[in-house]
Amino acid sequence: MRSYAKSIALYEKTRKHLAGGVSSNVRYASVPVPLFFARGEGARLYDVDGNVHIDYVLGNGPAILGHAPKTVIEAVAVSLGEGQLFAAQNPRETELAERLCGLLPGAEVVRFTTSGTEAVLMAFRLARAFTGREKILKFEGHYHGWSDQAYISARPPLNEAGPADAPVPVAGSPGMPASVLGDVAVCTWNDLDLLEQTLQRHRGEIAGVIMEPVMVNGGAIPPAPGYLEGVRALCDKHGALFICDEVITGFRVGLRGAQGKFGVKADLSIYAKAVAAGFPLAMVAGRRDIMDTLVDKGVMHGGTYNGNVQSMAASLAALDVLEANDGAVYRDLEARGTELMQGLASLAARHKLPIRVQGMPAIFQTFFTSGPAPRNYRDSAACDRDAMLAFHAALQEEGVRAQQAGKWFLSTAHDRPVIEETLAAADRAMAKLARV
């Protein structure tokens, strides 16, 4: 058994002055306590107790190039001597905006911000100002940040969520005003007929339909064939903007995100995480006529840290790597991810464990279920969470760190030897579970 004595002691000390001992509630899930890491390099993290972890959390997705990627760190190091914040523009913003608009589907204009939560709020405001409508339609199990306006029905208890064909909005946290629930309509994902019914029920009220184009936060569930195209058509029919939240999928599932992979184009798109390979950067990208409401309608958006020098430098350096040879790194990433997904599924079959591996090579999910592949939040919520937690605890003891929610992120640093080491560790972890 690994020792976590130093992490445990540090956590107890930290709790005295840092609320809950963490700076984000999602970090509570670590076992035995939120772990403290001293450093990261490539595909590995090194904790304060000296344990080495092959890392598949990757900062919850941003570290697409692994930890401390040399080219990004060098670019940021140069930028540090030039300053951080000017309350004005710097040339890197111009260069980055031009490059992004040349890459991303539907990105005629971009606006930078610092976090995905902020970018979602900007997209909501733009949609409402442009359409003159107030309601946003979202889907169960899709996470769009922790704001009052967006943290609705992200992980609703099924006994509160209403019927599957007419879900009710459920606040995700104490402290959220009940009034925000009236501004949101909720639908089950991957069901075009139900979306049509919901849009009809709220005819003339929906400013925007927001979704993760791959339902990553609810289990790395891909869209059904034709679903995204159908959503695009329904938004056009009902006068609602199609908003794609590519905070996770953008620059992870491909150079042009999930929209590039599936051949659709949203009116507004939200990107963050992998766009700056670990540095804080988010943005809204979209149609010029919608984005121009920031100017011609006076729609307010601000932020002291927006476009800060280091994040601009990091993103430009990351794009240099990701764009090289027309995105060659993604072909390698897909090969390694496919090898890992297939290897885990094969091991589960050999150990007679009901593990289903689903998703895309750069971001996938392990479910414990004997049923069919989940298609939406309610399907994924019915899977065996306790078994999944036991599996990930066993993996951690074997030196592999994956999200306890079941998600696995890959980076370009996860080469074949790392994948082989991971599968050997997973074999040992599954053997332990099979004996229980």
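Refer to the preceding data block for the structure.
This text gives an overview of the structure that appears in the document. (Residues numbered from 1 in each chain as written. Predicted model: local features only at pLDDT ≥ 70, side-chain atom pairs only at ≥ 80, totals over all residues. Heavy atoms only, no water.)

## Side note on the packing of helix H2 (residues 70-80) against helix H10 (residues 309-350)
Here is step 1 of the chain: Relative to each other, H2 and H10 sit at 150 degrees, their axes nearing to 8 Å. Comparing their axes, H10 and H2 come out roughly antiparallel. As H2 runs across H10, the sense of the crossing is right-handed. Residues Thr71, Val72, Ala75, Val76, Ser79 and Leu80 of H2 touch H10, and the partners they reach there are Val309, Gln310, Ala313, Ala314, Ala317, Ala318 and Val321.
Here is step 2 of the chain: For the contact of H2 with H10, the class distribution of residues is ten nonpolar, three polar and no charged. (Axes fitted to C-alpha atoms, helices over the stretch in contact; angles between N-to-C directions. Helix = DSSP H or I, 4+ residues; strand = E, 2+ residues; numbered from the N terminus. Parallel < 35°, antiparallel > 145°, perpendicular 65-115°, else oblique. Left-handed = near helix turned anticlockwise from the far one by under 90°. Contact = heavy atoms within 4.5 Å. Nonpolar A, V, L, I, M, F, W, Y, C, P; charged D, E, K, R; others polar.)

## Observations concerning the packing of helix H3 (residues 91-103) against H10
Here is step 1 of the chain: Contact pair H3 / H10: the axes reach a minimum separation of 10 Å and the direction vectors enclose 40 degrees. One finds that H3 runs oblique with respect to H10. H10 is crossed by H3, and the crossing has left-handed handedness. Where H3 approaches H10, its residues Arg92, Glu93, Glu95, Leu96, Arg99, Leu100 and Leu103 are matched on the opposing element by Val309, Met312, Ala313, Ser315, Leu316, Leu319, Asp320 and Glu323.
Here is step 2 of the chain: Residues of the contact of H3 with H10, tallied by class, amount to eight nonpolar, one polar and six charged.

## Section: the sheet that holds strand E14 (residues 407-409)
Here is step 1 of the chain: The strand order across the open sheet formed by three strands is E11-E12-E14, and the pairing between neighbours is antiparallel. Whereas interior strands pair on both sides, the edge strands pair on one side only; in this sheet they are strand E11 (355-360) and E14. Sheet twist, expressed as the mean angle between neighbouring strand axes with direction ignored, is 25 degrees.
Here is step 2 of the chain: As paired elements, E11 and strand E12 (residues 363-368) share six bridges and run antiparallel to each other. For Met360, the partnering residue across the bridge sits in E12 and is Ile363.
Here is step 3 of the chain: The strands touched by helix H12 (residues 385-397) are E11, E12 and E14; relative to E12, the strand with the most contacts, the crossing angle is about 120 degrees. (Pairing = 2+ DSSP bridges.)

## Observations regarding the sheet that holds strand E2 (residues 44-47)
Here is step 1 of the chain: Read across the sheet, four strands follow the order E1-E2-E3-E13 without closing on themselves; strand pairing throughout is mixed. Each edge of the sheet is formed by a strand with only one pairing partner; in this case those strands are strand E1 (37-41) and strand E13 (400-401).
Here is step 2 of the chain: Alignment of strand E3 (residues 52-55) against E13, held across two bridges, turns out to be parallel. Along E13, the bridge assignment pairs Asp55 with Arg401.
Here is step 3 of the chain: Where helix H13 (residues 416-435) meets the sheet, it contacts E2, E3 and E13, and its direction lies at approximately 110 degrees from that of E3.

## Remarks on the packing of aromatic side chains
Here is step 1 of the chain: Within the structure shown, the criterion is met by six aromatic pairs.
Here is step 2 of the chain: Consider the rings of Tyr56 and Trp408, whose centres lie 5.1 Å apart with planes at 55 degrees: the pair is tilted. Of this pair, Tyr56 sits in the loop between E3 and H2 while Trp408 sits in strand E14, and the two are 352 residues apart along the sequence.
Here is step 3 of the chain: Owing to a relative accessible area of 0%, Tyr56 belongs among the buried residues under this scheme.
Here is step 4 of the chain: Ring centres of Tyr143 and Tyr151 lie 5.9 Å apart, and the angle between their planes is 85 degrees; on these two criteria the pair is classed as edge-to-face.
Here is step 5 of the chain: Judged by relative accessible area, which is 26%, Tyr143 ranks as partly exposed.
Here is step 6 of the chain: Under the relative-accessibility criterion, Tyr151 is labelled buried at 19%.
Here is step 7 of the chain: Each residue in the set Tyr56, Phe364 and Trp408 is aromatic and connected to the rest through ring pairs, giving one cluster.
Here is step 8 of the chain: Its guanidinium or amino end placed over the ring of Tyr143, Arg155 lies 5.4 Å from that ring's centre, counting from NZ or CZ. (Phe/Tyr/Trp six-rings, centres within 6.5 Å; stacked < 30°, edge-to-face > 60°. Buried < 20%, exposed > 50% of the residue type's maximum accessible area, 1.4 Å probe, protein only. Lys NZ or Arg CZ within 6 Å of the ring centre and 35° of its normal.)

## Concerning the state of the cysteines
Here is step 1 of the chain: Tallied over the full model, the rule gives zero disulfides.
Here is step 2 of the chain: As a non-bridged cysteine, Cys187 has Cys235 as the owner of its nearest cysteine sulfur, 11 Å distant.
Here is step 3 of the chain: The thiol of Cys235 is not disulfide-bonded; the next cysteine sulfur, from Cys244, is found 9.1 Å away.
Here is step 4 of the chain: Take Cys235: its relative accessible area is 1%, and that puts it in the buried class. (Disulfide = S-S within 2.5 Å.)

## Quick notes on the nonpolar core
Here is step 1 of the chain: Counting 62 residues, the largest nonpolar core has Tyr56, Leu100, Phe251 and Trp408 as its most contacted members.
Here is step 2 of the chain: The greatest single-element share of this core, amounting to 14 residues, is contributed by H10. (Core = buried A, V, L, I, M, F, W, Y, C linked by side-chain atoms within 4.5 Å.)

Limitation: the analysis is restricted to geometry and does not speak to function.
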